[in-house]
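Chain by chain, the residues run as shown.
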Amino acid sequence: LYIDPVQARLRHAMVFEDDAPVVFDRDRLAPPARPVLLCGRGWRGRRLDQGRPSAALEREARLVVHQPPSGDAVSLTIELCGFRRRRVVRLVDRRGTELARWEVRPGESRPYTSPPLLLTPGSHELSLVSDGESRPRRPEEQAVPGDSRPYSLRAGGVRLVPVARA
């Protein structure tokens, strides 16, 4: 399984294991030495699009970024495609401050990159906020089979890229 290597690396922090659930004590884990990115609420259904994994994003999709104490500025790069029509997508912080804005077209996915983000050490919640969403009309448009709820975007790869100092 894909999770086995992860569990092996985190075994020292495991406090409970059963048939399915595994519980880790985060206080036993070393803090990340480089920026870490996690997808949060608003990301639905992974599937293959043109042979590449993608997820459906709701009108607001959250990201959690952990910036280590020695962290430099980073840029967020994400592959996006508007679902059905052009979308204006804003990357905002928890206070609603706009960090980036993109016009995302439907059709083929392409990368969008934020300007350098100067994040203080610790965890930060960012959101991708779109100006609309559409309901799937055909089964192949659904986020996952049987899910006919509306969504805004399809997202492929998402990563944090260190920004070189000038």
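Just above sits the structure.
My aim in this report is to walk through the structure given alongside it, one point at a time.

Rules used in this analysis
- Residue indices begin from 1 for each chain and proceed along its sequence in written order.
- In keeping with the predicted nature of the model, local features appear solely for residues at pLDDT of at least 70, side-chain atom pairs appear and are counted solely at 80 or more, and the whole-chain, interface and lining totals rest on all residues.
- By convention in this description, side-chain values take in all heavy atoms of the structure and omit both hydrogens and water.
- Secondary structure follows DSSP: runs of H or I at least 4 residues long count as helices, runs of E at least 2 residues long count as strands, and numbering of each begins at the N terminus.
- For the exposure calls, accessible area comes from a 1.4 Å probe over protein chains only, and a residue counts as buried if that area is under 20% of its type's maximum, exposed if over 50%, partly exposed in between.
- Should any heavy atoms of two residues lie within 4.5 Å, those residues are counted as being in contact.
- Accessible surface is estimated by sampling points in the Shrake-Rupley manner with a 1.4 Å probe; for residues, cover comes only from the protein chains shown.
- Asp and Glu are treated as the negative residues and Lys and Arg as the positive ones, with His and the ends of the chain left uncounted.
- The atom standing in for a charge is NZ when the residue is Lys, CZ when it is Arg, CG when it is Asp and CD when it is Glu.
- Pairing of aromatic rings covers Phe, Tyr and Trp, the last through its six-membered ring, and needs centres within 6.5 Å; plane angles under 30 degrees mean stacked, over 60 mean edge-to-face, and all others mean tilted.
- At least two bridges found by DSSP between two strands is the condition for calling them paired.
- Inter-axis angles, ranging from 0 to 180 degrees, are taken between N-to-C directions of lines fitted to C-alpha atoms, where helices are fitted over the stretch in contact.

### Brief notes about the overall build of the protein
When helices and strands are counted, the protein shows one helix and twelve strands. In sequence order, the secondary structure elements of the protein are arranged as α-β-β-β-β-β-β-β-β-β-β-β-β. Taking the principal axes of its C-alpha atoms as reference, the protein extends roughly 50 × 45 × 30 Å. Evaluated residue by residue, the protein yields a buried proportion of 35% over its 166 residues. Here the analysis covers contacts within the protein between residues at least 6 apart in sequence; of these, 65% occur between residues at least 24 apart. Roughly 10,500 Å² of accessible area belongs to the protein as shown, and the carbon and sulfur atoms make up 52% of that amount. Across the protein, 29 positive and 21 negative side-chain charges occur, with their mean positions spaced 5 Å apart.

### Points about the packing of aromatic side chains
Summed over all chains, the structure comprises two aromatic pairs. Judged by centre distance (6.0 Å) and plane angle (50 degrees), the ring pair of Trp102 and Tyr112 falls under tilted. Placement of the pair is Trp102 in strand β9 (residues 98–104) and Tyr112 in strand β10 (residues 110–113), with a sequence separation of ten residues. As far as burial versus exposure is concerned, Trp102 and Tyr112 are alike and both buried.

### Quick look at the pairing of β9
Sheet topology places strand β8 (residues 87–93) next to β9; six bridges connect them, and they run antiparallel. The residue of β9 that forms the bridge with Arg90 is Arg101. Connecting β8 to the next strand, β9, in antiparallel fashion are four residues, including Gly96 with a positive phi near 90 degrees.

### Observations regarding the sheet that holds strand β6 (residues 60–67)
What the five strands build is an open sheet, ordered β3-β6-β11-β8-β9; its pairing is antiparallel. Strand pairing shows two members of the sheet lacking a second neighbour, β3 (36–39) and β9, which therefore form its edges. Across the sheet, the axes of successive neighbouring strands diverge by a mean angle of 20 degrees, strand direction being ignored. Examined bridge by bridge, β3 and β6 share four bridges and lie antiparallel to one another. When the bridges of β6 are listed, Cys39 appears paired with Leu63.

### Focus on the environment of Val64
Tracing the sequence through the fold places Val64 in strand β6. Sequence separation between Val64 and Arg41 is 23 residues; the distance between their C-alpha atoms is 9.8 Å.

### A short note on unusual backbone geometry
Look at Arg84: it is not a glycine, yet its phi comes out positive at around 75 degrees. Looking at the secondary structure, you find Arg84 in the loop between β7 (74–82) and β8. Of the residues examined, Arg84 reaches a relative accessible area of 27% and is grouped as partly exposed.

### Quick notes on the side chain of Ser134
Among the secondary structure elements, Ser134 is positioned in the loop between β11 (122–130) and β12 (153–162). Given a relative accessible area of 14%, Ser134 falls into the buried group. Those residues in contact with Ser134, other than ones at most four positions away along the chain, are Phe83, Arg84, Arg87, Pro150 and Tyr151.

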